[in-house]
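Working through the structure, step by step
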Amino acid sequence: MRKIFCLLIFFTICLFSIDVYGVSWHYEWENVYVEVPLYASLNNYDDLPKASLYKDNELLSDANINYNKTGDWLYYYKDVDTSKPGEYKVWYKASESRYKPGTCQNYKQLITFKVVDKTSPEIILLKEEISIPLMTKDIDYGDYYTIKDNIKDDCIISIDDSLVDYNKVNNEGYKVSIEAVDSSGNKAVAYLKVKVIDMAGPVITFLGDEEEHNYIEVEKNAEYDFTSYFTAIDTIDKDVTDSLKYSYFNNEEVGDYLVTFTFSDLAGNQTSMDVLVKVVDKLAPSLILTENTINLDYKTEPNDAMFRQYILEAKDGIKDISSEVVIDFSDIELKVGTYHVIYSVKDSNENITETVLTVNYVTDEGPKLIINDVLIEVGENVNLEDFIEVIDESDLNAKDNLEIDTTDFNYKEAGIYYLNVLCHNSSGIYTNDFIKVEVVDNSSTKVASTLNIVLILLVVIVSVAVLIYYLIKKKRSKSAI
């Protein structure tokens, strides 16, 4: 009976063991490859990868699955850069809190995020059509368009001017195609109309933006070179931009002027263009000093003429306005210190420029030292500074900078010492002198005095004794008689 009971227990244990260890768990993932638009937020796409939990190959639809998206082992979430196209990989980890299968098969999955650029470049034509002289050989079409793309410098530009016959007049214009293809294969095409013309005078091209800024802006009183705003190309003489002449306008007065710009070739053929010139006053005057910092004697009385000599340049454009500079030296006091002189100048449109001159008021005289000799006994420690008087009108606290070199001084040993004394004021001027310190040993003198007293006493005593002896002897001699 006992054997049968043991067999039943063993059989039951085996059944439970088979039930426990026979369960299989695994995850299956979906959306392991995710496309992310360029510059998009990864947070909007990182929830797409999903895992499903299976128990014995049966989907547990009510499983409560959590995800760790941080990444692991070379593939991290933080390394995904949505500003650069390409494929980025991140290790995802799944964990389940309802069935709690623990770390089971496929709990870790490598997710691929592909950052894609689906935006085509934009070709902006600076001009819809251009005119070029007959027989033109070299032309840079890059001057007539700009490219905008969501990735800088990502485009390959192709120019197709195969339809243009540069040796044949065509007032209708040829079509030049401009193609831009970015690294993701997105493409844009624009067409520029090119007219080949033959004219008596040069062909003028205004380089300003004719739609928004069909004018030239000139700073009041400034030097200017208008040739940078134009190209003038002649069929024969080619570039004649340097032949530029223009009608008068007053660049000393703010305002708008319609100016006629004329170009001519070597044969005298001329072409003109009227362009609005705006004289503006946006720049503050220039104000430059010869020095940024100066040193003056602290007793120097400040005045306007003294500081005006440090003005190197004060101009409104090319106009000299040095005489209009205002100098404020009210900060200065007649004592050693650092002060600031403010220079300011403004033009007729209230544009103001300021600059600062740092003025150091100093002295060229060092402190005066009055030194008394010092006599002390061995072992007597005194403050040597008490024997020195420092006089300096420019710095009443100069004594705070007093230094006495006591390296070789020993107040415990008798002798005569000459100690180096150094002092400077706030202007950095030094004075050097010596202090005499005599250390005496009075203990040996006292011993000698004591011995002298004892000897004198002994002499007195002996003398008295001898005197008494002779007196007694004399008295006895008289008594014997």
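Here the structure is a predicted model, which is why all the values come from computation and not from measurement.

**As for the nonpolar core**
- One finds Tyr27, Trp29, Leu53, Tyr92 and Phe113 to be the most contacted residues of the largest nonpolar core, which totals 23 residues.
- For this core, the elements supplying multiple residues, two or more each, are β1 (25-30), β2 (33-37), β3 (50-55), β8 (86-96) and β9 (108-116).
- Counting residues per element, this core draws most heavily on β8, which supplies four residues.
- When near neighbours in sequence (up to four residues on either side) are disregarded, Tyr92 contacts Trp29, Asp46, Pro49, Asn68, Lys69, Tyr77, Tyr107, Lys108, Gln109, Ile111 and Phe113.
- Core analysis: the next-biggest nonpolar cluster, separate from the first, contains 22 residues, Ile294, Tyr298, Ile311 and Ala314 among them.

**So, the sheet that holds β1**
- Strand order in the open sheet made by the three strands is β1-β3-β4, with antiparallel pairing throughout. Edge positions in the sheet fall to β1 and β4 (58-59), since each of these pairs with one other strand and no more.
- Pairing between β3 and β4: two bridges, direction antiparallel. The partner of Tyr54 across the bridge, within β4, is Leu59.

**What to know about the sheet that holds strand β25 (residues 311-316)**
- Overall, antiparallel pairing links the three strands, which are arranged β23-β25-β26 in an open sheet. Looking at the sheet topology across the chains shown, the edges are occupied by β23 (286-289) and β26 (319-320).
- Relative to β26, β25 runs antiparallel, the two being bridged by two bridges. Considered in β26, the bridge of Lys315 is made with Asp320.

**A few points about the packing of aromatic side chains**
- The final tally for this structure, using the stated rule, is 21 aromatic pairs.
- What links up through ring pairs into an aromatic cluster is the set Phe206, Tyr224, Phe226, Tyr229, Phe230, Tyr246, Phe249, Tyr257, Phe261 and Phe263.
- A cation over a ring is seen here: Lys108 above Trp91, with NZ or CZ 4.5 Å from the ring centre.
- In this structure, Lys278 packs its charged tip against the face of Tyr215, placed 4.9 Å from the ring centre.

**Concerning unusual backbone geometry**
- A positive phi angle, close to 70°, is found at Tyr39, a residue other than glycine.
- For Tyr39, the position within the fold is in the loop between β2 and β3.
- If you check the backbone angles, Asn106 has positive phi at about 65° while not being a glycine.

About the thresholds
Residues numbered from 1 in each chain as written. Predicted model: local features only at pLDDT ≥ 70, side-chain atom pairs only at ≥ 80, totals over all residues. Heavy atoms only, no water. Core = buried A, V, L, I, M, F, W, Y, C linked by side-chain atoms within 4.5 Å. Buried < 20%, exposed > 50% of the residue type's maximum accessible area, 1.4 Å probe, protein only. Helix = DSSP H or I, 4+ residues; strand = E, 2+ residues; numbered from the N terminus. Contact = heavy atoms within 4.5 Å. Pairing = 2+ DSSP bridges. Phe/Tyr/Trp six-rings, centres within 6.5 Å; stacked < 30°, edge-to-face > 60°. Lys NZ or Arg CZ within 6 Å of the ring centre and 35° of its normal.

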